[in-house]
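# Architecture and fold: a report
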Amino acid sequence: MMNRCGLITVQKEPVPLKSIEVELEVRDHVATVVSTLNYQNKEDKAVEAVFVFPLPGDAAVCHFSAVIGQKEIVAEVKEKQEAREEYDDALSSGQQAFLLEESEQSPDIFSMKVGGLAPGESASIRLEYVTELAVQADDGLRFCLPAVLNPRYQPQGSEGASVQVFSVPASLVPYTLCFCGRLFSPRPICKVESSCSLDPLQYLNTDQTQATVKLAAGHKFDKDVEVVIYYKDAHQPTAVVEAGQTSAETGTLMGDPVVMVSLYPEFPQSVMSSVDSCGEFVFLMDRSGSMGAPLNNKERHQTRISSARDTLLLLLKSLPMGCYFNIYSFGSSFQHIFPQSVEYSQKTMEEALKKVEEMKANLGGTEILEPLKHIYSHRCIPNHPRQLFVFTDGEVGNTKQVLDLVKKNSGSHRCFSFGIGEGASSALINGLAKEGGGHAQFITGTDRMQPKVMQSLRFALQPAVEDISVTWDLPTGVSVTVLSPPITSIFQGQRSLIYGQLTGKSSEATEGSVTVKYSLAGRPSQSQLHFSLKPAEDTGLTVHRLAARTLIRSLEMEDRELRGRQDGGMKEKVVQLSVQSGVSSCFTAFIAVNKTDGKVIQGPLVRRNVPRPKLRGGGGMSRMAMVCAAPASFGMDLNQTCVRKAVAPNKKKKGLPSYSPFRGGNLLGMFRSKQETQKEATTPKQTPRDPFMQLVSLQKASGCWTLDPHLAAALGKTREEVEESKPATVNSEVWATILALIWLHGFKMDAKEEWELLAMKAASWLRAQNAPCVPECVDAGNALLGCSVQKDALML
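Calculation rules
Residues numbered from 1 in each chain as written. Predicted model: local features only at pLDDT ≥ 70, side-chain atom pairs only at ≥ 80, totals over all residues. Heavy atoms only, no water. Helix = DSSP H or I, 4+ residues; strand = E, 2+ residues; numbered from the N terminus. Buried < 20%, exposed > 50% of the residue type's maximum accessible area, 1.4 Å probe, protein only. Contact = heavy atoms within 4.5 Å. Core = buried A, V, L, I, M, F, W, Y, C linked by side-chain atoms within 4.5 Å. Phe/Tyr/Trp six-rings, centres within 6.5 Å; stacked < 30°, edge-to-face > 60°. Lys NZ or Arg CZ within 6 Å of the ring centre and 35° of its normal. Pairing = 2+ DSSP bridges. Salt bridge = Lys/Arg side-chain N within 4 Å of Asp/Glu carboxyl O. Axes fitted to C-alpha atoms, helices over the stretch in contact; angles between N-to-C directions. Parallel < 35°, antiparallel > 145°, perpendicular 65-115°, else oblique. Left-handed = near helix turned anticlockwise from the far one by under 90°. Nonpolar A, V, L, I, M, F, W, Y, C, P; charged D, E, K, R; others polar. Disulfide = S-S within 2.5 Å. Expected span 1.5 Å × (residues − 1). pLDDT = per-residue confidence, 0-100.

### Points about the overall build of the protein
Of the regular secondary structure elements, the protein holds 17 helices and 35 strands. By the burial criterion, 58% of the 796 residues in the protein qualify as buried. Taking the contacts inside the protein whose residues are at least 6 apart along the sequence as the reference set, 76% of them involve residues at least 24 apart.

Here's what the structure looks like:
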């Protein structure tokens, strides 16, 4: 009979993972993360533990090791199939082995296998990665430790296999998390915010450029650990030169110095205050079953789809007259409101809003590829740049196919992406914006969707930056090989990153410069940075690893584009670079084998799948607490225990298929569609719309409001009160619009980001009316509503 002591899953199976410890170190905008996973086998049989988990999609995984007793075994990077075979051979020989590999479908999912953990034995697994912190629209630097991995929907007929996730409710996760961080910055650290409970920020010096943060005890695994860091004077361009590895060959990426340049182009205020009246705005909304989940755990009545409906209302009210728009929604299939984009008017806006009100999370799975193909199949409208807004909880399995399609069409549009809820794929959300030349936002914890989306609409309404070029001025004898993809988009206040490999030496000059030139609203502009060629002393190989990761991702995408047209030469380049730099790729894996202690693991290994937390109301597959990790093609009963046979060294089995949790039958697709389709068979009753959203819903496409009982009710007045206070010489629409603007400024300044664009449209409409007695109207409106808003504040 199996020993049931220690950690167990809801299926009463022991779990060998006891705890996870995460140490974060942030230097300016670069984070180094070290995770230690502590395993202990409390069973009376040897086990193989399998853990599928998320990492940031742009992370460069650069170290993997295991400590057993007093011995550390450091993994090497090898070609993936070679690593899998070495792992299988080691276990077949009775040796301990450890394997870490990236999913071939999505770079933000990893699988770790701890093989040959003897009864009573403990092992500490150390995983290290580096990543750049994304700049938020409010200038904060966002770090996210993904704690939630939702099942990924795999569309039928797509390439590769689904990622198999073994999940339990967050409250039943049978291991603990400890998280702490150290922050170092050349500028003072103003504050740190988090979606989780943190201990108070502790400064380590008087100028507040160093600090520590720590996750408060009792983390429930019901959300990702998100930390947003705010620096004083965040928009400072920087350049860091890092010396090459002394043991690496000169002329290679790891042997030569590498420079990382961070630029923050600043746009003139005249450009920032203007709004383009042209553009084609296409909104693509996820309506899969998982969008019926609560947006957060505090306001469970507010579902992701209801928040998305309110967001679409704000977007449609904020669009400028003269533009074009359309709305798509998708699940297992997709729908569109208009056959093709239409001109924005009162009629088309009302028609669209009527359809938006009817949207539910009832379209099944998450198949985003087909609606994107349909959008791209339509020709762009001359003189109306296409702006694509994608809203999704990111639970897709074919991430790389989606990103390849967006990149292929990057010349015809900008893509703004929004990850909704905990566990949204960072690889998908960030990748859509990166390949589409737009901006990414994540809506997690208690975030409201609307302000973040409106920040991105502001970016979309900025004039597109064109004719971007990068030039270097380096001393004689020094040259640079740019490792980053070409810069395709620049936004006010957003960072542009460039990595370059420096070759050669100069006997005299010690300084270089880089200049980014571009055209903004028809005017030539540039951003220049001078930097020292002297290498920094405290960066280790962080910059080299980030540069290697950047180049690896570019080569992987190039390989997918050329697949079938060449003989695998691009894959060989990726493998060579990955092995040389020690940074993971989709073609390589980390492998470690304990060959020295001479012990042989006896008997069969029992497979234990370590569960991930899932959120209530999530995707269809997540209702299965745990399933066996055997591929469906093996023909195994999902209720059986998975057993890996271990044989004596002299009976090593050759030619066995190497098992990967990323291969095999499409278990997720098999279960998810039916459950997701049933997700919203019964829709909760709609809560009454609050006065703010009621006021917004009453605005006309032109920007004005009309005087009626609905407006009066939203303002908290009767129709008679509103009409009696109107100055005699003013028409009712001007009066109604001034009242609406006064109410917004007087009562909703905390939500200004949400209504600022529609207020600008209203003020523009008012100015076009040349209405008399505007000061008198403002005074009368203040008296009626009990406010003291100045005329200048209303932009009149």
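### Looking at the nonpolar core
In summary, soluble globular proteins display a tendency toward joint burial of nonpolar side chains. Membership of the largest hydrophobic core comes to 83 residues, with the highest contact counts inside it found for Phe281, Phe283 and Phe391. With 10 residues, the single largest contributor to this core is helix H15 (residues 732-747). If near-sequence neighbours (up to four positions away) are discounted, phenylalanine 283 is found in contact with Leu312, Leu315, Leu316, Leu319, Asn326, Ile327, Tyr328, Phe389 and Phe391. Judged by nonpolar contacts, the second largest core, of 55 residues, contains Val22, Val26, Ala211 and Val227.

### Points about the packing of aromatic side chains
If you walk through the whole model with that rule in mind, you get 16 aromatic pairs. A ring pair is formed by phenylalanine 325 and phenylalanine 338, whose centres lie 5.6 Å apart and whose planes are at 85°; its orientation type is edge-to-face. Of the two residues, phenylalanine 325 sits in strand S21 (residues 324-330) while phenylalanine 338 sits in the loop between strand S22 (334-336) and strand S23 (342-343), which places them 13 residues apart along the sequence. For the pair phenylalanine 325 and phenylalanine 338, a shared accessibility class is recorded, and that class is buried. On the basis of an interplanar angle of 15° and a centroid distance of 6.0 Å, the ring pair of phenylalanine 389 and phenylalanine 418 is categorised as stacked. Of the two residues, phenylalanine 389 sits in strand S24 (residues 386-392) while phenylalanine 418 sits in strand S25 (residues 413-420), which places them 29 residues apart along the sequence. Comparing phenylalanine 389 with phenylalanine 418, the two get one shared label, buried. The structure contains a cluster of three or more aromatic residues connected by ring pairs, namely Phe283, Phe389, Phe391, Phe416, Phe418, Phe459 and Phe491. Cation over ring: arginine 27 sits above phenylalanine 184, and NZ or CZ is 4.3 Å from the ring centre. Positioned above the aromatic ring of tyrosine 230, the side-chain terminus of lysine 191 is 4.7 Å from the ring centre.

### Quick look at the pairing of strand S8 (residues 109-117)
With nine of nine residues buried, S8 lies mostly within the body of the structure. In this structure, strand S3 (residues 47-54) lies alongside S8, joined through eight bridges in antiparallel fashion. Considered in S8, the bridge of proline 54 is made with isoleucine 109. Hairpin geometry of strand S7 (residues 96-102) and S8 is characterised by an intervening segment of six residues between the two adjacent antiparallel strands.

### Some points on the pattern of salt bridges
If you walk through the whole model with that rule in mind, you get 23 salt bridges. Salt-bridge contacts for glutamate 25 lead to arginine 27; the nearest nitrogen and oxygen are separated by 3.1 Å. Accessibility expressed as a relative area gives 31% for arginine 27, which makes it partly exposed. Linking arginine 386 and glutamate 280 is a salt bridge whose minimum nitrogen-to-oxygen distance equals 2.9 Å. Pair noted here: arginine 386 is in strand S24 and glutamate 280 is in strand S20 (residues 280-286), with a separation of 106 residues, a long-range link. As far as the burial class goes, arginine 386 and glutamate 280 line up, both buried. Salt bridges linked by common partners bring Lys80, Arg84, Glu101 and Glu104 together as one network.

### Quick word on the packing of H15 against helix H16 (residues 752-769)
At a minimum axis separation of 10 Å, H15 and H16 run at an interaxial angle of 150°. By the angle between their axes, H15 is roughly antiparallel relative to H16. Note that H15 runs across H16; the crossing there is left-handed. Contacts between H15 and H16 involve Glu733, Val734, Thr737, Ile738, Leu741, Leu744 and His745 from the first element and Trp755, Leu758, Ala759, Ala762, Ala763, Trp765, Leu766 and Gln769 from the second. Taken together, the residues of the contact of H15 with H16 sort by class into 11 nonpolar, three polar and one charged.

### Details of the pairing of strand S11 (residues 141-145)
With five of five residues buried, S11 lies mostly within the body of the structure. Where burial is concerned, the two faces of S11 agree: the one with Leu141, Phe143 and Leu145 and the one with Arg142 and Cys144 are both buried. Here strand S10 (residues 134-135) folds back onto S11, and the loop between the two strands holds five residues, one of which, aspartate 139, carries a positive phi near 80°. Pairing geometry for S11 and strand S17 (residues 225-231), over five bridges, is antiparallel. The partner of phenylalanine 143 across the bridge, within S17, is valine 227.

### Structural notes on unusual backbone geometry
What is expected of a backbone is that most residues other than glycine have negative phi and most peptide bonds are trans. One non-glycine residue with positive phi stands out, namely aspartate 28, at about 60°. Looking at the secondary structure, you find aspartate 28 in the loop between strand S1 (17-27) and strand S2 (30-40). Even without a glycine there, the phi angle at aspartate 467 is positive, about 55°. With respect to the element layout, aspartate 467 can be found in strand S27 (residues 465-473).

### Looking at the state of the cysteines
Throughout the structure, instances matching the rule amount to zero disulfides. Of the cysteine sulfurs around cysteine 323, a residue in no disulfide, the closest is that of cysteine 278, at 9.1 Å. The class of cysteine 323 is buried, set by a relative accessible area of 0%.

### Comments concerning the sheet that holds S17
As a general point, the strands of a sheet are linked pairwise by backbone hydrogen bonds and lie either parallel or antiparallel. Spatially, S10-S11-S17-S14 is the arrangement adopted by the four strands of the open sheet, whose pairing is antiparallel. Pairing within the sheet leaves two strands with one partner each, and these edge strands are S10 and strand S14 (189-194). Pairing of S10 with S11, which is carried by two bridges, proceeds in the antiparallel orientation. Residue alanine 134 lies in a different strand from S11, and its bridge partner there is arginine 142.

### A short note on helix H8 (residues 449-461)
Here H8 spans 19 Å end to end across 13 residues, near enough to the 18 Å set by a 1.5 Å rise per residue. Burial analysis of H8 places 12 of its 13 residues in the buried class, the great majority of the element. Its buried side turned inward, H8 meets S20, helix H3 (304-318), S24, S25, strand S26 (440-443) and H16.

### Quick word on the environment of leucine 474
By the element assignment, leucine 474 lies in the loop between S27 and strand S28 (479-482). The exposure class of leucine 474 is buried, given its relative accessible area of 17%. Expressed as a C-alpha distance, the spacing of leucine 474 and alanine 509, which sit 35 residues apart in the sequence, is 8.6 Å.

### Looking at the confidence of the model for the protein
For the protein, mean pLDDT is 82; residues scoring 70 or higher make up 81% of the total. This stretch, residues 1-10, has a pLDDT under 50; its non-local contacts, to residues over four places away or in other chains, come to 28 contacts. Note on residues 616-686: pLDDT is under 50 here. Beyond four places in sequence and across chains, it has 168 contacts.

### Some thoughts on the sheet that holds S27
Pairing is antiparallel across the open sheet formed by three strands, whose spatial order is S27-S30-S31. Each of the sheet's edge strands pairs with one partner strand only, and the pair in question is S27 and strand S31 (523-532). On average, each strand axis in the sheet is tilted by 15° relative to the strand beside it, whichever way the strands run.

### Thoughts on the environment of leucine 315
In this fold, leucine 315 is placed in helix H3. Separated by 443 residues in the primary sequence, leucine 315 and leucine 758 have C-alpha atoms spaced 8.8 Å apart. Contacts of leucine 315, omitting those with residues within four sequence positions, involve Phe283, Phe391, Val453, Met454 and Leu457.

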